[in-house]
Amino acid sequence: MIQLPDQLTAEAGRPHTWPAGLAALLATLLVSPFLLAGCGGPEQVPAPQSQPVRRDLAADVFARLQDALADRDAKAAAALGDDRGSPLLGDVAANAEALDVRDVSFRMIDEDPVLTATLPRGQWAAAVEATWRFDGFDRAPARAEVTMILAQEGERIRLHAIGGGARPVPLWLAGPLEVRRTADTLVLVAGPAANADRYAQLARRAVPAVEAVVGGHPRVVVEVPAGPADLDRTLGARTGDYAAIAAVTTFVGSDRADLAPVHVFVNPEVFGALKSAGAQLVMTHELTHVATDAVHSKAPQWLLEGYADHVALHGTDLPVSMTAGQIIRRVRRDGVPKALPGADEFDTRATHLGAWYEAAWRAAEVLARAGTEEQLLTFYRRASGGEPVDATLRELYGFDETELIRRWQQDLEQIAR
Ligand SMILES: [Zn+2]
């Protein structure tokens, strides 16, 4: 928890328990007559509000915003913002309606003195716990600590902006969105309508592709921020964490519980540069992660990524020179890798990231060739549940991990020839 030193009241040299009216009078005495004339009278020069007062006012703003969003009342939401905040809150209300947002709550955690110190006088930052859920897709509310920038206007508090500091800015709270939905897909895009149509089509096509291999009834939410920096902000990630990746399947907000929402987040700069076949592969790959609850899996990463590519490439007839081009070049240059790729190789900042994904896919293909599709899914599910890879391999395939690696190296040598 953080506490704001009582900066504003300390500067004014008075305890914060003074009556507001008297404080206002005192404050006006410090302002030049020229300024008073220029802004239309002493009653419009705001006295800095004391911490308890402004916190109460802010809590009231959050409660009203909560109600306005629940009522889908864009006008009431917009009325809670200042010049800059008002259009944003109108957009947020429109998003709430389009996304069928439920269980919205904003709870004041504390003021953020470090961030407040960087803001213009009269503005201050609050850490706020937000919850929300996209109805029909999220089984439980997402939870995130977000920053709200508040501005004092006379005796009132208005919302100036959402975001700031290292806290995430959920995409639906960040600005206007294009939303596309079917029964199984919900796509939200901070960008032109044509982009939203493209992502929506990719998501729609991924559903039957995943269903055909994994079964079940996959449903997916795809979030597309405006650019890489916006993706970092959406996820509360370090700058550049996702610069090299096209998309990531991860938790929405900070909650990691079993039912916590998991969405696909797109880096539009990388994803947008993909041709249609590549874009579909990425989308189907990510939907496989969602459908198999990969975020809670205990399986090794090569299996998670390799299986997702196996599903994405299933039934396609793309040449291996294209789907494994990077690992082929690497094998030709350095020979076959000694071990299956692990956490270091799959680090989003690692070099040759693409080659390791391809290598993991080839390991999944070795298993796919050694047995049935159902066997591979069983292996994937049991490893995801935490069963040891070696023993499960022996039981299902009759060979151990050492033999898997040997066959995998053989496969890589063969495709690199
Ligand atoms: Zn993946």
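None of the values given here were measured: they were computed from a predicted structure.

### Here we look at the sheet that holds strand E1 (residues 101-111)
Reasoning step 1: Strands sit in the order E1-E2-E3-E4 across an open sheet of four strands; the sheet is antiparallel. What marks the edges here is a single partner per strand, and that holds for E1 and strand E4 (156-162). Going from strand to strand, the sheet's axes swing by 40° on average, the running direction of each strand aside.
Reasoning step 2: Sheet topology note: the E1/strand E2 (residues 123-134) ladder contains eight bridges and is antiparallel. Looking at E2, one finds that serine 105 is bridged to threonine 131.

### Overview of the packing of aromatic side chains
Reasoning step 1: Tallied over the full model, the rule gives six aromatic pairs.
Reasoning step 2: Plain terms: the ring middles of tyrosine 199 and phenylalanine 271 are 5.2 Å apart, the flat faces sit at 50° to each other, and that makes the pair tilted. Taken together, the residues span a long stretch of sequence, with tyrosine 199 in helix H8 (residues 193-214) and phenylalanine 271 in helix H10 (residues 268-271) at a distance of 72 residues. Side by side, tyrosine 199 and phenylalanine 271 carry an identical accessibility label, which is buried.
Reasoning step 3: Here phenylalanine 346 and tyrosine 357 contribute two aromatic rings whose centre-to-centre distance is 5.1 Å and whose plane-to-plane angle is 85°, an arrangement assigned as edge-to-face. Of this pair, phenylalanine 346 sits in the loop between helix H14 (325-334) and helix H15 (353-370) while tyrosine 357 sits in helix H15, and the two are 11 residues apart along the sequence.
Reasoning step 4: Members of the aromatic cluster, each reached through a chain of ring pairs, are Phe379, Tyr397 and Phe399.
Reasoning step 5: Sitting over the ring of phenylalanine 137, arginine 219 keeps its end group 4.7 Å from the ring centre.
Reasoning step 6: Its guanidinium or amino end placed over the ring of phenylalanine 399, arginine 407 lies 4.1 Å from that ring's centre, counting from NZ or CZ.

What counts and what doesn't
- Residues numbered from 1 in each chain as written.
- Predicted model: local features only at pLDDT ≥ 70, side-chain atom pairs only at ≥ 80, totals over all residues.
- Heavy atoms only, no water.
- Pairing = 2+ DSSP bridges.
- Helix = DSSP H or I, 4+ residues; strand = E, 2+ residues; numbered from the N terminus.
- Axes fitted to C-alpha atoms, helices over the stretch in contact; angles between N-to-C directions.
- Phe/Tyr/Trp six-rings, centres within 6.5 Å; stacked < 30°, edge-to-face > 60°.
- Buried < 20%, exposed > 50% of the residue type's maximum accessible area, 1.4 Å probe, protein only.
- Lys NZ or Arg CZ within 6 Å of the ring centre and 35° of its normal.

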